[in-house]
Amino acid sequence: MSMNLEREKATLPLSESADAKSPILPKILLGITIVLILTAIYLTFMYADIEKTMGVVQKIFYFHVGSAATAFTAFFVTFIFSILYLVKRKRIFDTYASVSAEIGLIFTTLVLTTGPIWAKSAWNTWWVWEPRLTTTLILWFIYMAYMMIRQMDGVWDKKARLCAVFGIIGFTDVPIVFFAIRWWQTKFHPIVFGNGVSQKGGGIADNMLVALIVSIFALLSLYTYLLNRGVEFENMKIKVDQYKEKLREDLEN
Amino acid sequence: MIKTAFLLAKKDLYSELKTKQVLTTMIIFAGLVILVFSFAFDPANNTTKAVIPGVIWVIVVFSGILGLNRSFLSEQRNDTMQGLLIAPMDASSIYLGKFLANFTMMLVVELVSIPFLFLLFDFKIIGSIPYFILIMFIGSFGFISIGTFLAALAANSKSSEMLLPLLLFPVTSPILIGVVQATRIILTNMEKFSSALAWIQLVSAYDVIFFVLCFLLIEYVLEV
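Remember, predicted model here, so these are calculated numbers, not experimental data.

Procedures and definitions
Residues numbered from 1 in each chain as written. Chains lettered and ligands numbered in written order. Predicted model: local features only at pLDDT ≥ 70, side-chain atom pairs only at ≥ 80, totals over all residues. Heavy atoms only, no water. Contact = heavy atoms within 4.5 Å. Buried area = accessible area lost by both parts, 1.4 Å probe. Salt bridge = Lys/Arg side-chain N within 4 Å of Asp/Glu carboxyl O. Polar contact = N/O pair within 3.5 Å; in protein donor to acceptor, adjacent residues only side chain to side chain. Helix = DSSP H or I, 4+ residues; strand = E, 2+ residues; numbered from the N terminus. Core = buried A, V, L, I, M, F, W, Y, C linked by side-chain atoms within 4.5 Å. Buried < 20%, exposed > 50% of the residue type's maximum accessible area, 1.4 Å probe, protein only. pLDDT = per-residue confidence, 0-100. Phe/Tyr/Trp six-rings, centres within 6.5 Å; stacked < 30°, edge-to-face > 60°. Lys NZ or Arg CZ within 6 Å of the ring centre and 35° of its normal.

1. Remarks on the interface of chain A and chain B
If you look at the interface, chain A gives 26 residues, while chain B gives 28 residues. At the boundary of chain A with chain B, total buried surface from both sides reaches about 2500 Å², with 79% on carbon and sulfur atoms. Of all residues in chain A, the largest losses of buried area upon contact with chain B belong to Ile169(A), Ile176(A) and Trp183(A), amounting jointly to 21% of the total for that side. Connecting chain A to chain B are three salt bridges. Counting across the interface, chain A meets chain B through four residue pairs in polar contact (both at pLDDT 80 or more). Elements that contribute at least two residues to the side of chain A that touches chain B include exactly α6 (131-150) and α7 (156-184) of chain A.

2. Examining the nonpolar core
Side chains of a nonpolar character, in soluble globular proteins, are inclined to be buried together. Of all hydrophobic cores here, the largest spans 118 residues; its most connected members are Phe166(A), Ile56(B), Phe149(B), Leu150(B) and Leu153(B). At 14 residues, α7(A) tops the list of elements feeding residues into this core. Among residues more than four places away in sequence, those in contact with Leu153(B) are Ile149(A), Leu162(A), Val165(A), Phe166(A), Leu167(B) and Val221(B). Counting 13 residues, the second largest nonpolar core, distinct from the first, contains Phe61(A), Trp118(A), Ala211(A) and Ile216(A).

3. Topic: the environment of Val212(B)
Residues and elements named next belong to chain B. Looking at the secondary structure, you find Val-212 in helix α8 (residues 193-221). Classification of Val-212 as partly exposed rests on a relative accessible area of 44%. Through-space distance from the C-alpha of Val-212 to that of Ser-145 is 9.8 Å; in sequence the pair is 67 residues apart.

4. Looking at the confidence of the model for chain A
All names here are of chain A. Summary statistics for chain A give a mean pLDDT of 80 and a share of 81% for residues scoring 70 or more. Of all the helices and strands in chain A, helix α8 (residues 189-194) carries the lowest mean pLDDT, 37, while helix α4 (residues 60-88) carries the highest, 91. Contacts for the low-pLDDT stretch residues 1-6, under 50 throughout, to residues beyond four places or in other chains number three contacts. Low pLDDT, under 50, characterises residues 188-204; the stretch is placed with 26 contacts to residues that sit more than four places away or in other chains.

5. Some remarks on the packing of aromatic side chains
Counted by the stated rule, this structure contains 27 aromatic pairs over all chains. For the pair Trp140(A) and Phe141(A), a centre-to-centre distance of 5.4 Å together with 75° between the ring planes defines the contact as edge-to-face. Among the residues examined, Trp140(A) registers a relative accessible area of 23% and is labelled partly exposed. Judged by its relative accessible area of 43%, Phe141(A) is partly exposed. Relative to Phe123(B), the ring of Phe118(B) lies with its centre 5.2 Å away and its plane at 25°, an arrangement referred to as stacked. Across the pair, Phe123(B) and Phe118(B) agree in class, each one buried. By way of ring pairs, the aromatic residues Tyr95(B), Phe99(B), Phe103(B), Phe137(B), Phe141(B), Phe149(B), Phe211(B) and Phe215(B) are connected into one cluster. It is Arg91(A) that lies over the ring of Trp156(A); its NZ or CZ is 4.3 Å from the centre. Sitting over the ring of Phe72(B), Lys98(B) keeps its end group 5.5 Å from the ring centre.

Next comes the structure, spelled out in structure tokens:
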């Protein structure tokens, strides 16, 4: 164990180049995110029609679907960076994978909270054991487990390795889960989603589609901004740890 | 690779035969699950027959978890895991050996506990027994193959007994859905046999995908 701790301290100077370019990118991302989110809010509440059967409650749909799309993107990014980590073994890939999974988990939680709120007024029930809902729930549990591996004690590269492996396993599982549950519950599928999402997807109201697309992009850019900040934050943490280690060494010698 | 895997499985089963620790615990636990289910669902009631396929898999999952937890933790006491890793063989043969040992134990537990379940709940099989055995086989295969892999992963943690179920249950949910549905159809309602066959195909596909995936990834889990 003590030998492994030794590896955490590395020399510091490498990070100078990162400092030079970092201030500008997050600012641009923040700007884009703010503009897009404000536009999305305007489009959602002012521009898009009020849905006929569900009324104003349907407005939650734009953020619900946007969060779902963002969560899936985040988990896909985790999957890609997990593979990259196992191949290249660079710490930055692991940082990206972990931050992305964390943000994805938050967005999945958002989906799982906005969903029942909408469902209660649209279907008159909080929860239906329907393929998409159940898959999202299982997805949430899988990435919660991923976070549990993250919280494990031990050296970072062991944790990174195990997390990467589980990130790959977990993401591969998702399509199969969805497929299995769709088979299991085929009878509910058309009834539940006939009145909701699929109609707009079919293009009944163009302005709704515009609002949806803009809110998806708004949340995606929010995700990118959070990812960027999160990675920066993790890097700072690593750096602080390195300084601490160096200090400890200096005190010992 | 196969030879070393068999050797490893033999070692595990032999030490299990000597101590009979895990197997006894698994079987007694399975019996206790049956007992608890008899409280939860009245065995005299006819509707109870509908939950039997689910109960079979609850027994498999819960007693399986006990065995899986032990399979890698038992290697930690004298740091024998390190020995296995240093020994001249692939990580995949360690996985295969552990898998074979776990799978054998799981089958023994099923062989003992499921007839007991049928007996105690007075369940009359009206479907086909060979297909039932096939489903038990592929279901346990998938569950134990991914379970052995995740047990190897969780063994790195200090609280691996708590971690393993959290990792295993969501990942195996397709198997559990598939086998429960297939078991229900085969045991009670043979008219819908074609959909049972479709479930068997789904579970087999899952088995193949995850067995290969575990085989490829185990090297990264069992690194020195």
